[in-house]
2 protein chains.
Amino acid sequence: MITDKERPLTIDRESIEAIAQEISEAYREGLRKIVLIHGGGSYGHYVVRNLISSRGEIDEDGFSEVTWWMGELNRELVMRLRGRGLPAVSISTHSIFYERSDGSLGYHLEPIVMMIERELIPVLYGDAIVSGKTRYSILSGDTIAWRLSLELGCKRVLFATNVDGVFDRDPSKPGARLLKELRISSDIVSLDDSSSKYDVTGGMRKKILEGLEPLRRGVRALIFNGRKKGNIYRALKGYEDVGTVVIY
Amino acid sequence: MITDKERPLTIDRESIEAIAQEISEAYREGLRKIVLIHGGGSYGHYVVRNLISSRGEIDEDGFSEVTWWMGELNRELVMRLRGRGLPAVSISTHSIFYERSDGSLGYHLEPIVMMIERELIPVLYGDAIVSGKTRYSILSGDTIAWRLSLELGCKRVLFATNVDGVFDRDPSKPGARLLKELRISSDIVSLDDSSSKYDVTGGMRKKILEGLEPLRRGVRALIFNGRKKGNIYRALKGYEDVGTVVIY
């Protein structure tokens, strides 16, 4: 969404400005408790892929490099939000998240909770984190979103993607229908199954299954196309007609 | 040290490169457990002064602004350290530090501890933080340094400043002598007293008194002129002939 996926280390200026504008409108109209989380796009994914292919792993220099570039991307977004008068605050994910020796995720959210109370907009991102288990690992924006939804008691998690939502079959096939609602308590088996009746492939299946616990507890998720003008604004305002609602 | 104090929002490129170079030499020669902390210079201090004079306080926009500019300065330093091949990692202070309602300082250092174990160089900075008591407050680099020295069990805290150390009288007066050692268990009364026999004025007195607890527990502090070529390298290598050693 915020990067040009075709070109390494390049932001999508137009898209990022549109996002900032729509968030700004919703904020001004009263939606004040927001946490923004972005992914790696052609920054993080590109750098990590290069590191893995050249060195086989993320080493110390690699960790410094990934966190540096993700910080660059984050600041591009925060700068544009600030340019619209929004009190955005960059939060370096690797400063608060870490992986314990048993593989569990450690984090402390007090400053973020206090920022939200003050109607600031913390902006986190998928990032490399230190790990007691594997030395370094990658924490995805999706994982952060689901975790925060549980920890902060969020009502809604909005996933702005570059597809319209979840389809009943491969969306490139004729007759493919966008699902208005996906109830994972009944559809979870097909989600888990690669011969699913729905086209919940790769990243999308993972995205949803990772949220089982928050969804079970009542969090509503909305997966929608963030590149279509107005969708982010509508999603923020509570309209659910812009994509697929995922509930338990 | 790393900013041009005469000009707002301007780094001192030459000084910052010299610092990066000297840290790089010491790191390469085996000094691998380092945490760097920098102050606000003509970034943070300038922005905060402007906010206070125009709005009387740090409000939400002000918090976003201070954290933004300090992030800029931090990235200038981290970029130059990385340019020397050092695995520096930017740590946004406002993401981990906060002030509780009772005024005490809250923070969680697990990721930083794990970074130091891996011989990464976390780079923190004086910053605005959220406060349960006053909404926002300023956390100085000095305070961070002393706290980390206690929490991480550091042996030494090095203060690179723009003066040579602590003098026995106003250093602009003839005959003023640089103290090689300041033993605060015996000199603490005069430190607290503005009619001190030593010239430990303003920031310097505060800098030292804030470290009473870590000093009492055996931390050695060195206050020296970081602008003099070679001093940072020598201080990192353990030489104490570059300024004033402060002990309990």
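You'll find the structure just up there.
Residues numbered from 1 in each chain as written. Chains lettered and ligands numbered in written order. Predicted model: local features only at pLDDT ≥ 70, side-chain atom pairs only at ≥ 80, totals over all residues. Heavy atoms only, no water.

(A) Expanded view of the side chain of S90 of chain B. With respect to the element layout, S90 of chain B can be found in strand β2 (residues 88-90). Relative accessible area serves as the criterion here: at 15%, S90 of chain B is assigned to the buried category. Within the local environment of S90 of chain B, its side chain forms a polar contact with the side chain of N74 of chain B, the two groups lying 2.5 Å apart. Apart from the residues lying within four places of it in its own chain, the contact partners of S90 of chain B are S92, H94 and S95 of chain A together with N74, V78 and V123 of chain B. (Helix = DSSP H or I, 4+ residues; strand = E, 2+ residues; numbered from the N terminus. Buried < 20%, exposed > 50% of the residue type's maximum accessible area, 1.4 Å probe, protein only. Polar contact = N/O pair within 3.5 Å; in protein donor to acceptor, adjacent residues only side chain to side chain. Contact = heavy atoms within 4.5 Å.)

(B) Molecular detail of the pattern of salt bridges. In total, this model carries 40 salt bridges over all chains according to the counting rule given. Between E213 of chain A and R217 of chain A there is a salt bridge whose closest N-O contact spans 2.8 Å. Take E213 of chain A: its relative accessible area is 29%, and that puts it in the partly exposed class. The shortest N-O distance in the salt bridge between E60 of chain B and R135 of chain B comes to 3.0 Å. You can see E60 of chain B sitting in helix α3 (residues 60-83) and its partner R135 of chain B sitting in strand β7 (residues 135-139), a full 75 residues away along the chain. When salt bridges with common partners are traced through the structure, they connect E17, E76, R80 and R84 of chain A into a single cluster. (Salt bridge = Lys/Arg side-chain N within 4 Å of Asp/Glu carboxyl O.)

(C) Molecular detail of the sheet that holds strand β5 (residues 121-125) of chain B. All names here are of chain B. Pairing is parallel in the open sheet, where three strands are placed in the order β1-β5-β2. At either margin of the open sheet sits one strand with a lone partner, and together these are β1 (36-38) and β2. Pairwise comparison of adjacent strand axes, ignoring direction, gives a mean angle of 30° for this sheet. (Pairing = 2+ DSSP bridges. Axes fitted to C-alpha atoms, helices over the stretch in contact; angles between N-to-C directions.)

(D) Molecular detail of unusual backbone geometry. Residue and element names in this part refer to chain A. One non-glycine residue with positive phi stands out, namely L9, at about 50°. With respect to the secondary-structure elements, L9 resides in the segment before α1 (13-28). Among the residues examined, L9 registers a relative accessible area of 28% and is labelled partly exposed. In the Ramachandran plot, E119 falls in the positive-phi region, its phi being about 65° despite a non-glycine side chain. Looking at the element boundaries, E119 is found in the loop between α5 (110-117) and β5 (121-125). Taking relative accessible area as the criterion, E119 reaches 27% and is therefore assigned partly exposed.

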